[in-house]
Amino acid sequence: MAAASASSFIPLKPRPTPRVKLGAPQSFSFRRPALAPARLRISCVAKPETVEKVAKVVKKQLALPAETLVTGDSKFAALGADSLDTVEIVMGLEEEFDISVEEDSAQSIATVQDAADLIEELVRKKCA
C-alpha cells in the first residue's frame, strides 16, 4: 500500500451546533424492537357485569366454595383448574352467553378477564 501524501489530506470542518429555543416543541422518536407476543391479547376491557357472570360460571364449574373470591385477575390455574376444567369452563361460558368459542381463542384464555374480554368481542361480532 502506498502511503497517503500530504496533499491528499482533507481537513474535517466542525459541524455547527444546533440551537434549541426554550419552549419550542420538540419531538422524539424511540423505536422499540418488535417482540412477538407470547399469546394473543385483546385490548378492550369487559364490562363489570360480564366479568361477574364469568366469575360465577368459573365458580360453578370448579365447584368452588361461596367464600372463594374470583376476580378478573383470577387465573384458572391458581383456582385449581386443569386443562379439562378449562375446557368445561369454556363450554359453560358458551352456554351462558350463547356463543361459540374457537379452539385457538379458547387456548388464549388464562384469566377471568381474558374470558370476559373474549366473550364481549364475540357477542359484538355476533350482533354486528
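Check the entry above for the structure.
Please read these numbers as outputs of a predicted model, since none were measured by experiment.

1. A look at the layout of surface pockets
Item 1. There is about 210 Å³ of room inside the largest pocket.
Item 2. When residues in the lining of the largest pocket are grouped by element, the largest group, 5 residues, is from helix H2 (residues 83–97).
Item 3. If you trace the second largest pocket, you find it lined by Lys-56, Val-57, Lys-60, Gln-61, Gly-92, Glu-95 and Glu-96.
Item 4. Elements that contribute at least two residues to the lining of the second largest pocket include exactly helix H1 (48–62) and H2.
Item 5. The biggest single contributor to the lining of the second largest pocket is H1, with 4 residues.

2. Observations concerning H2
One turn of an α-helix holds 3.6 residues; hence residues three or four places apart share an orientation.
Item 1. Compared with the 21 Å implied by 1.5 Å per residue over 15 residues, the 21 Å span of H2 between its first and last C-alpha is a close match.
Item 2. Among all positions of H2, only Asp-85, Thr-86, Ile-89, Val-90, Gly-92, Leu-93 and Phe-97 are buried. Taken around the axis of H2, the buried residues stretch over an arc of 160 degrees, which confines them to a single face. The outward face of H2, more than 90 degrees from its buried face, is lined by the exposed residues Leu-84, Met-91 and Glu-95.
Item 3. Contacts made by the buried residues of H2 are with H1, helix H3 (103–106) and helix H4 (112–127).
Item 4. Where H2 starts, the residue carrying a side-chain oxygen 3.2 Å from the main-chain nitrogen of Leu-84 turns out to be Asp-82.

Rules used in this analysis
Residues numbered from 1 in each chain as written. Predicted model: local features only at pLDDT ≥ 70, side-chain atom pairs only at ≥ 80, totals over all residues. Heavy atoms only, no water. 1 Å grid on protein atoms, 1.4 Å probe; cavity = no way out; pocket = protein on both sides within 12 Å on 5 of 7 lines; lining within 4 Å. Points joined across faces, edges and corners; volume = space filled by probe spheres on them. Helix = DSSP H or I, 4+ residues; strand = E, 2+ residues; numbered from the N terminus. Expected span 1.5 Å × (residues − 1). Buried < 20%, exposed > 50% of the residue type's maximum accessible area, 1.4 Å probe, protein only. Arc of directions from axis to C-beta. Contact = heavy atoms within 4.5 Å. Polar contact = N/O pair within 3.5 Å; in protein donor to acceptor, adjacent residues only side chain to side chain.

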